[in-house]
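Structural description and commentary
Listed below, chain by chain, are the residues.
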Amino acid sequence: MSVNRRHFLRGLGATIALPTFESLLPQNALAAGKAGAIATTASGAPLRTAFVYFPNGAIADQWDPKGTGTNYQLNNTLKALEPHKKDFQIYSGFEQHWGWGHEDGAGDHARANSTFLTGVRATKTSGADIKLGISADQLAANQIGDLTRFRSLELSCDGVRKAGRCDSGYSCAYQYNISWSSATTPMTPEANPRLVFERLFGEGKDAAERQRNYDARQHQERSILDFILDDAAQLNKQLGRNDQDKLDEYLTGVREIEQRIEKAEKFGPLPDPHAPTPRDDIPEDYQEHIRLMYDLMAMAFETDSTRIATFMLAHDGSNRTFKQIGVPEGHHSLSHHREDRKKIDKIIKIDRFYVDQFAYFLDKLRNTKDVDGKSILHNSMIVYGSGHKDANRHQHNELPIILAGNGGGTLTPGRHVKFNNDTPLCNLYLAMLQKSCFQADRIGDSTAPIAAL
Amino acid sequence: MRPPQTPATRPHSFFAAIILLAALALVSSPAAAEPNPQQAALFQKTIEPILVDYCFDCHDDASEKGSLSFESYESLTEHFDNHDLWLAVWKNLRAGTMPPPEKSQPSKEQRKEITGWIQRQIFKVDPDNPDPGRVTIRRLNRTEYENTIRDLTGVDFDATDAFPADDTGYGFDNIGDVLSLSPLLMEKYLNAAREIVAESVHTEGPYIPTIKMWGSNFRNEDKRQPRDVPFEKSDRFTNTEQIEHAGEYEVRAEVQIKGSSEATSHSANFTLLKDDKPVLSRELGWDFNKSVVIRGKVRLEKGGNNFTITLKESEPPEENEKHLDLYVYTIDLRGPLDGSHRVYPDQYHAVFTDGPPEDNTASRKEYARKLIRNFADRAYRRPIDDESLEKLVAIAQSVDAQPNRTFEDGVAQAYVAILASPRFLFRAETQPQPNNPGKIIPVDEFALASRLSYFLWSSMPDDELFRLARENKLRANLRSQIDRMLVDPKAESIIDNFVGQWLLTRNVQTIDIDPRRLTGERNLGKAFRIFSQDLRSAMRRETEMLIAHLLKENRPAHELLNADYTFLNEKLANWYKIPGVKGSEMRLVKIDPKHKRKGLLTHASLHIVTSNPTETSPVKRGLYVLDNILGTPAPPPPPDIPELEEAKEEAGHSASKRELLALHASKALCASCHERFDPLGLALENFDVGGRWRDKDHGAPIDPAGQLMTGEKFNDVFELADILSSGDRRTDFYRCFTEKLYTYALGRGTEYYDIPVIDKIVANSEKSGGYIREIIYQIVESPAFQKRRGDGDRLAAKN
């Protein structure tokens, strides 16, 4: 059956990725780490890559470190990271070229989001012809996604979306997604902690029940998948080209479920995170929500459920208020501060709030032991950054970017690196992705991998 | 119904398509004849001069901005055939994005001249035979999924919780091109299918029934029920229960102990007796107010069985301790335990309409086929083909044949497959020659039924629509069906979804507003109680109910803007300082001019969704009116806009919003757009962030007077409402409303070929008084709603 299906999928055209080879790669690094393999550290532990996006930039005079190299000083906004100073490096001078308007006019927030991991120009449209490019995390997932239960994990704290139009003629898809598996398919992030947990570790009150539910489900799924693939094939024959493109998205999804079933058989029993399922609702308290999401990302890494994650704290242009830290105004409205010091001070509070949460995440990763006895943080590469410098004037250069983790001992954390002003941010990603052992020569508008990693 | 496809017929139609395409290619490849002299003269004398005046600055051969030049061309034919160029011109002129604001602007008439010329000369739009356009296959969005599942299975599924948010295009979340399907969502669809079937299809077989004796069935000597019985008042309650099937029963009593939230030593003995023999007994004491479950077993006879509850105090409370009370909820009798009598739940018969299956393979197969066909016909919203049906029957049978699985499990499995199928998840319409843009056909009656039901109900067709479609009579009865559908409670969907997104009322309850600033109340809890979710909900309902009223009573659309009545409850009326409205129910209230309300422009819903958390935004309010009332959205601001901060420095810090905007707009770069929306927004400054009337902002008096770009002058928001609801502006509003509704109904943006159709609908509405229902009729009767065509570039195929 599966041979036929592959035939059929191939017949449908380009967008469906088929597994290329039965792996010589470690099937599960936790079980059998093999140094030198892709997405694996020298000591045989999984090498994780994550991208965390914070909205609306940061006030530069409180973010920019003083001095460069290892002998630098953290500025006020980053004070919460002081205990981790040896665990991360700060980069100054990165740019997202296609964040700027060029001939596309307004819509900087949509572009800040959409270019962040893709480095390409978003087609300005509110509907019909969305076109961006594959994002860095998904390029990596294409290479190493097979090694883990999940290709990648996409998280966000934006649960409710506004009705109406998004930013200045850009489709909302650009603004609510930073991860794109192709030029036209955003990887929708999940905002509900419980659903993230159940997706990773199954549904049920304890590990045994989760495993039982999972096994029963795998079994049923097979016959259903066979039917719906046939059904889709039959429908596909009767559709025009555009409709077929839409149906391809469906087929890609079905194919992924199939791969997951195949994978599940390969990977054996579900991992047990030794944590309860989060409660049903999205927490009202923003800090609690963010931390829960960070916890889940940490659990996913610890159990080697995936090695790639993206987390958009909020979309760029987010107008969330922060009453709990004394900022009742909306973040976006404030970000157009017109150099009003009162407003700037409030934004700084927000910037620090986000950094505090990131510090919590780093703590967590540093205190969690990996299979090789090092910390998870040691065996990770985690970008924390924004697509705006300071959203007041919508600048897309001199971006605030941090790279945390030691890449399994291959990075040089503990310093501040300053670049010439228009170094493409994708050059950083290119270097990172090459580090996780895959051959790539371009991501978006990258020109060359940065040397200082 | 689509005939089942056999392999033998496929190559046939395939070749036919190839031949047709080849024929089209032959017709279209050599250039058509040079335009005739009149056409050429029109272009050179009227059109080209406008292009030279307003476009050549950037789009001549020397600058060629955006790699686009109008200057030189080989021949007029070649120039006219450059469809991409003219489409870009048409789109930019219509959206007002070109020429850019800092350049000199063509007049409205000149813009119209060019767009009209492009429609006629380049796109050869034929008003008598319009291109219906093409709607991309549409995935059900979250609302449609929820409603469809409700109507199909009766299950209340929460799609908002289960699925990621749908992306929007052209302001709506039902646009085919934009509704993508990520792998994550596919996974969720499969999970949802399973969950929904598990909830709606009972697969466990018959079970031993439970008889409930409610506490309220019992009475003491004073005819009182065992509710809040003080422990110290030793009491007896009796009940006689009629039992049909004698045998051993399991008894489960659920009681609650009330009276004290702190520990007390008060206790009593609770006993249930049957014919004075104890069945179960428990010493009850203080237990955190939780309910206590006591179990036992008893033999019951056919006929009346006498039960008695006794309560007897064991230990009194200490001094200073509180007294306890007993509350009996229910005593359940489950049996007979030997299983000699079993029943199916009601829900079982709703799905398995002929009852339990017979014990013979052939009749089980026939039964499964009948059930699956019925379900699939409704889920796919058209009759299922035999080939797919047999596959589903095979799935059901293979499950039925497994050990420990049942017939019901098999049918359930087939239902899961149906709910995960693309024919359920997508609203697919098929047609012959799907890639021939010249092939225009009326959509079949089943597709029409779905178009209608998803437009008005955001859900699947009901039995009557299906019946008419099967009998091929829907097209002949459209207006009466629309009338019927609009009075159905399901029509609430078009208010929620269309109005919710058009007038942004969906955002009223979620948009971030600082309640302390708004109410002047320093305590956050108190501020939230004043500016409560109830109040916000009333604000949303005010606007939605006004439209629902216009729709139901078939009132003119422009009454939205000048109604001398509105919908209020006590909370909202108090907020507006309108006396005499009592209670939480929203109702129609006549408005006196002194109450400062008149139509949508004075609704708090509008004011809230266009405000920043702590202050009003005249710019956002102006844009709202341009976008949603006048249908002339302003172009996005140019890059590198000079900042209001500069204006603020010039003006000094005490400057009012009007002064700030005036300074900002004094720069030519900003003026051309700000002139369009500033006066509209400033006219609404009399309403604060939360929609309450105010005469002053930060101590300075508000001056709402202004003038529209089109010349009309007004002194306040009420005069503005009159201007917008009469004359040419009213026509603008009809057009705006029609375009929005048209987009929502079709699930695609409006294109150049829709313009003549929309023109006609607007003209007819003008003539007939602008009745909303009339506009709905006309949209449903329009070619785009009634017909479809093959995919591809229709112009290339036509020339």
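Residues numbered from 1 in each chain as written. Chains lettered and ligands numbered in written order. Predicted model: local features only at pLDDT ≥ 70, side-chain atom pairs only at ≥ 80, totals over all residues.

A count of helical and extended segments in chain B gives 34 helices and 19 strands. Per-residue burial for chain B yields a buried fraction of 41% across its 799 residues. Residue pairs in contact within chain B that sit at least 24 positions apart in sequence constitute 71% of those at least 6 positions apart. (Helix = DSSP H or I, 4+ residues; strand = E, 2+ residues; numbered from the N terminus. Buried ≥ 20, exposed ≤ 12 C-beta atoms within 10 Å, placed from the backbone. Contact = placed C-beta atoms within 7 Å.)

Looking now at the overall build of chain A. Scanning chain A for helices and strands turns up 12 helices and nine strands. Each of the 453 residues in chain A was classed as buried or not, and the buried ones make up 55%. Expressed as a percentage of contacts within chain A between residues at least 6 apart in sequence, the contacts between residues at least 24 apart total 68%.

Before going further, it helps to examine the nonpolar core. Within soluble globular proteins, side chains that are nonpolar generally end up buried alongside one another. By size, the foremost hydrophobic cluster in this structure holds 198 residues, and its most contacted members are A:V52, A:M293, A:M297, A:F311 and A:L313. Looking at this core element by element, the count peaks at 11 residues for helix 9 (residues 286–302) of chain A. Residue contacts for A:M297: discarding those within four places in its chain leaves A:A50, A:L153, A:L155, A:A309 and A:F311. Within the second largest apolar cluster, 61 residues are counted, among which are A:Y250, B:L152, B:Y189 and B:A412. (Core = buried A, V, L, I, M, F, W, Y, C linked by C-beta atoms within 7 Å.)

We now examine the environment of B:Q225. Mapped onto the fold, B:Q225 is located in the loop between strand 2 (210–214) and strand 3 (229–230). Sequence separation between B:Q225 and B:G215 is 10 residues; the distance between their C-alpha atoms is 7.0 Å.

Residues and elements named next belong to chain B. Contact geometry of helix 11 (residues 361–379) with helix 13 (residues 407–420) gives a least axis separation of 10 Å together with a crossing angle of 25°. The angle between helix 11 and helix 13 falls in the class roughly parallel. Once helix 11 is placed against helix 13, the crossing between them reads as right-handed. Contact with helix 11, carried on its side by R364, A368, L371, I372, F375, A376 and A379, involves F407, G410, V411, A414, Y415, I418 and L419 of helix 13 and no other residues of that element. Of the residues belonging to the contact of helix 11 with helix 13, the class tally is 12 nonpolar, one polar and one charged. (Axes fitted to C-alpha atoms, helices over the stretch in contact; angles between N-to-C directions. Parallel < 35°, antiparallel > 145°, perpendicular 65-115°, else oblique. Left-handed = near helix turned anticlockwise from the far one by under 90°. Nonpolar A, V, L, I, M, F, W, Y, C, P; charged D, E, K, R; others polar.)

Residue and element names in this part refer to chain A. As summarised here, the arrangement of the seven strands in space is 3-4-1-7-8-2-9, forming an open sheet in which the pairing is mixed. The open sheet has two free edges, formed respectively by strand 3 (153–156) and strand 9 (416–424), since each of these has just one partner strand. Averaged over neighbouring strand pairs, the angle between their axes works out to 20° when direction is ignored. By the bridge criterion, five bridges tie strand 2 (residues 88–95) to strand 9 in an arrangement that is parallel. Across the sheet, the residue bridging to E95 is P424, located in strand 9. (Pairing = 2+ DSSP bridges.)

A few words on unusual backbone geometry. Residues and elements named next belong to chain B. Of the consecutive residues G335 and P336, the connecting peptide bond is found in the cis state with omega at -5°. Relative to the elements of secondary structure, P336 occurs in the loop between strand 10 (325–334) and helix 10 (346–351). Positive phi outside glycine occurs at Y170, with the angle close to 50°. Positive phi is not limited to glycine here, since N554 has a value of about 50°. For N554, the location among the structural elements is in the loop between helix 21 (533–552) and helix 22 (559–562).

Taken by themselves, the reported measurements are silent on function.
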